[in-house]
Amino acid sequence: MSSSTEPQPEKKIHLRSSDGESFEIGEVVALESVTIKHMIEDGCADTIIPLPNVTAKILSKVIEYCSRHVAVAEGGVALGERVVDDELKAFDKEFVNVDQHTLFELILAANYLNIKNLLDLTCQTVADSIKDKSVEEVRKIFNIENDYTEEEEEEIRKEYAWAFK
Amino acid sequence: MESLPDALVHYILSKINNAKDLAICNCVSQRWKEAMPYLNRLFFPRNVFDNLSHGKTPDEIVSQIISSTINLEELVVYCPFSSIGLASWLCCAGHSLKHLELRMDSIVSYQASTETPSKLELLRSACNLESLKLWGVVMVQSPRWDIFHKLTNLEIVGASLRDHTLSEALRACPNLIQLVLLGCEGLMYVSVENPYLEQCKLDFFGAGDCFLTLKSSKLKSLEVQGCGVIRLPETQHLKSLSISNNAGQISMVELGKLVALEKLSMRGVQWSWDAISGMLQMASEVKHLYMKVEFTGDTGNLQPFPEIDFVDFFNSHPKLETLEIHGAMFAALCQKNSLKNVDSKFSIPSLEKVVITVRSPLNAEQKMSTLESLLNYTRSLKKMTIKILQMKSSHSSADDFFEYVCRLRFMNRNIVCIE
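The structure displayed is predicted, hence computed values, not measured ones.

## Quick notes on the overall build of chain A
- Across its full length, chain A carries eight helices and three strands.
- In chain A, the succession of α and β elements from N to C terminus is β-β-α-α-β-α-α-α-α-α-α.
- Buried positions account for 38% of the 165 residues belonging to chain A.
- Sequence separation of at least 24 residues holds for 56% of the intrachain contacts in chain A that already meet a minimum separation of 6.

## A word on unusual backbone geometry
- The backbone of Asn143(A) shows a phi angle near 55°, a positive value even though the residue is not glycine.
- Tracing the chain through its elements places Asn143(A) in the loop between helix H7 (135–142) and helix H8 (150–159).
- Among the residues examined, Asn143(A) registers a relative accessible area of 65% and is labelled exposed.
- A positive phi angle, close to 50°, is found at Arg144(B), a residue other than glycine.
- Within the secondary structure, Arg144(B) is located in the loop between strand E4 (131–139) and strand E5 (153–161).

## A word on the interface of chain A and chain B
- Contacts between the two partners involve 36 residues from chain A, matched on the other side by 33 residues from chain B.
- When chain A packs against chain B, the two sides together hide about 3100 Å² of surface, and 66% of this comes from carbon and sulfur.
- Ranking the residues of chain A by area buried against chain B places Tyr148(A), Tyr160(A) and Trp162(A) at the top, with a combined share of 24%.
- Across the pair Lys15(B) and Asp120(A) runs a salt bridge whose closest N-O atoms are separated by 3.2 Å.
- Our count for the chain A to chain B interface comes out at ten residue pairs in polar contact (both at pLDDT 80 or more).
- Elements with a minimum of two residues in the side of chain A that touches chain B: helix H5 (100–112), helix H6 (116–128), H7 and H8 of chain A.

## Description of the pairing of strand E14 (residues 263–271) of chain B
Residue and element names in this part refer to chain B.
- Here eight bridges tie strand E12 (residues 240–250) to E14, and the two strands are oriented parallel to one another. Note on E14: the bridge partner recorded for Gln 249 is Gln 270.
- Relative to strand E15 (residues 288–295), E14 is paired through seven bridges, and the arrangement is parallel. Paired with Met 266 across the two strands is Met 291, which belongs to E15.

## Considering the sheet that holds strand E11 (residues 227–232) of chain B
All names here are of chain B.
- Spatial ordering of the open sheet is given by E7-E9-E11-E13, a layout of four strands whose pairing is parallel. Since the sheet does not close on itself, it has two edges, and those belong to strand E7 (189–192) and strand E13 (252–255), each with one partner. With direction set aside, neighbouring strand axes in the sheet form an average angle of 10°.
- Pairing of strand E9 (residues 210–214) with E11 involves four bridges; the strand directions are parallel. Along E11, the bridge assignment pairs Cys 210 with Cys 227.

## Here we look at a negative patch on the surface
- On the surface, Glu145(A), Asp147(A), Glu150(A), Glu151(A), Glu152(A), Glu154(A), Glu155(A), Glu159(A) and Glu34(B) cluster together to form a negatively charged patch.
- Relative to the helices and strands, Glu150(A) resides in helix H8.
- By relative accessible area, Glu150(A) is classed as exposed at 73%.

## Some words on the side chain of Ser373(B)
Residues and elements named next belong to chain B.
- Tracing the sequence through the fold places Ser 373 in helix H11 (residues 364–377).
- The buried category is assigned to Ser 373, whose relative accessible area is 8%.
- Not counting residues up to four positions away in its chain, the partners in contact with Ser 373 are Phe 310 and Leu 339.

## Digging into the pattern of salt bridges
Residues and elements named next belong to chain B.
- Tallied over the entire structure, the rule returns 22 salt bridges over all chains.
- Notably, a salt bridge pairs Glu 74 with Arg 41, separated by 3.8 Å at the nearest N-O pair. Of the two residues, Glu 74 sits in strand E2 (residues 74–77) while Arg 41 sits in strand E1 (residues 41–44), which places them 33 residues apart along the sequence.
- In this structure Arg 41 comes out as partly exposed when scored by relative accessible area, which is 28%.
- With its nearest N and O atoms 3.5 Å apart, the salt bridge here joins Lys 382 to Glu 352. One end of the pair, Lys 382, is in the loop between H11 and strand E18 (383–388); the other, Glu 352, is in the loop between helix H10 (327–332) and strand E17 (353–358), and 30 residues separate them in sequence.

## Description of the packing of H5(A) against H6(A)
Residues and elements named next belong to chain A.
- Contact geometry for H5 and H6: axes closest at 9 Å, N-to-C directions at 150°. Between H5 and H6 lies a crossing whose hand is left-handed. The segment H5 lies against H6, with Leu 103, Phe 104, Leu 106, Ile 107, Ala 110 and Asn 111 engaging Leu 118, Leu 119, Thr 122, Cys 123, Thr 125 and Val 126.
- Among the residues making up the contact of H5 with H6, the classes are represented as nine nonpolar, three polar and no charged.

## Description of the sheet that holds strand E1 (residues 12–16) of chain A
Residues and elements named next belong to chain A.
- Strand order in this open sheet of three strands is E2-E1-E3, and the pairing throughout is mixed. Each edge of the sheet is formed by a strand with only one pairing partner; in this case those strands are strand E2 (22–26) and strand E3 (49–50).
- Examined bridge by bridge, E1 and E3 share two bridges and lie parallel to one another. When the bridges of E3 are listed, Arg 16 appears paired with Pro 50.

## Considerations on helix H7 (residues 163–171) of chain B
All names here are of chain B.
- Of the residues making up H7, those classed as buried are Thr 165, Leu 166, Ala 169 and Leu 170. Seen end-on, H7 carries its buried residues on one side only, within an arc spanning 135°.
- Next to the buried residues of H7 lie E4, E5, strand E6 (178–185) and E7.

## Things to note about the nonpolar core
- Residues Trp32(B), Phe44(B) and Leu123(B) are the most contacted members of the largest nonpolar core, which totals 182 residues.
- Aside from chain neighbours lying at most four places away, what touches Phe44(B) is Ala19(B), Phe49(B), Val62(B), Ile65(B), Leu75(B), Val76(B), Val77(B), Tyr78(B) and Cys79(B).

Reading the values: the criteria
Residues numbered from 1 in each chain as written. Chains lettered and ligands numbered in written order. Predicted model: local features only at pLDDT ≥ 70, side-chain atom pairs only at ≥ 80, totals over all residues. Heavy atoms only, no water. Helix = DSSP H or I, 4+ residues; strand = E, 2+ residues; numbered from the N terminus. Buried < 20%, exposed > 50% of the residue type's maximum accessible area, 1.4 Å probe, protein only. Contact = heavy atoms within 4.5 Å. Buried area = accessible area lost by both parts, 1.4 Å probe. Salt bridge = Lys/Arg side-chain N within 4 Å of Asp/Glu carboxyl O. Polar contact = N/O pair within 3.5 Å; in protein donor to acceptor, adjacent residues only side chain to side chain. Pairing = 2+ DSSP bridges. Axes fitted to C-alpha atoms, helices over the stretch in contact; angles between N-to-C directions. Patch = residues over 30% accessible without salt bridge, like charges linked within 9 Å, V, L, I, M, F, W, Y side chains within 5 Å. Areas by Shrake-Rupley, 256 points an atom, 1.4 Å probe, with all protein chains shown as cover. Lys, Arg positive; Asp, Glu negative; His and termini not counted. Charge placed at Lys NZ, Arg CZ, Asp CG, Glu CD. Left-handed = near helix turned anticlockwise from the far one by under 90°. Nonpolar A, V, L, I, M, F, W, Y, C, P; charged D, E, K, R; others polar. Arc of directions from axis to C-beta. Core = buried A, V, L, I, M, F, W, Y, C linked by side-chain atoms within 4.5 Å.

Here it is as structure tokens:
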């Protein structure tokens, strides 16, 4: 867009979490969130953007994720895809190594802020934790209320009998 | 998790693809069951129906699960199934499927010829496929596929093919970008012309005498095992090439100029000298060269390599960064006159890593001279590894050789290492 060869000072975006904390991030990082991207495009980003659905704790983690992904993507162009992939995989794995409550908060935040790769990462992590579990284990881990009646439960277990050892 | 909105629960559950886990999820709660239509990917492992005692057949259970999805994009079935089952699945999900992977097991169970239409023929209903992977296929009759316009990736592992059936299958994939044929037997003359093909990996079983002609001009990477004659007329974009033959001789390799080739690997028991010298000549831009060819000569007549001029070899491959050579090639560079053109103006500019495998202790002095030349005339050599393989230690020259090599290492501590 700009034909100037001088590096432009990066535009800063100001965010405020639900519990009143302020965060200043570079525009490139902010654009990882499609929600914020639309706000910037609509001209609502000149003052502070309030994020009533995201706490400071979660917001700072989200910013950490986006910053890292942007940095690796920019730096990795020269190194090639494979190096970028390996580095990000290691970071992502560590990033989602959090308690269940935080993980779900991250899912909600990624959904609200519309950050697809963060949403996919967090949702896949939850999905992966459901592998090879029994029905009771799953209900316990995720505190799921069993909304089947006794008859319904019996019927459905019969239908999927092949899945039970 | 209960506090998440339905859409997110559905999104999370749509990322589970193992059929057994999905069955469990269906039983967890009503709300979770409602996520089932949103599944995009399904995977049925080999033994998922081993516990089936009575009631429905595996085909029917798979059908039931597939029919409850709205937009199934990926289906992987490793458990046994019949063509009737496959027909009903593709009736349901054929249009939405982008990736399909099936363990056909046709070689083991010989149902292939008795079922009509065959499982292969049924695949035509998955008209929007982007990727198809088949295990254990018997394709001795025409698969009768329509055109898979969107198919960019085709992989067949463990197959019995025929020249004409493979041709037809490839003709049905005009937009193919990646082709993998592993452990395939029954082929004699293979011709590949898919215009957009970029990656190709071929591994043919048999006597190692297959003829291969590959005319895809956009090809970037080719790996081929088991052919005796290879014709690659269009090689302008080829970056990586690996040719090997475990079973037979490589008698001819016809190539265009390898202007983009960075990685070259040549392996086999015996290559004709024309093929070897032709390849080396064409690969003038190569950066990484791996050679493990044991003999040259004509069929049945195993010969060692003729003498190769050291200076000529390195001058014709100025961009060489890594070099890994085995016995015969190394020996060729250690002949009486190999080093005759080495002078003070000679230089090997880019070579950083050398791995040499030596089997024979004979001609030790000459071998040392060559190794020393490598050390003295390279500008950026970082590591030289000398692998000593199966050397008969009773031979007295073996001791001399070891002595020489250890001295070399001692004098070049940082660079030389012995394995």
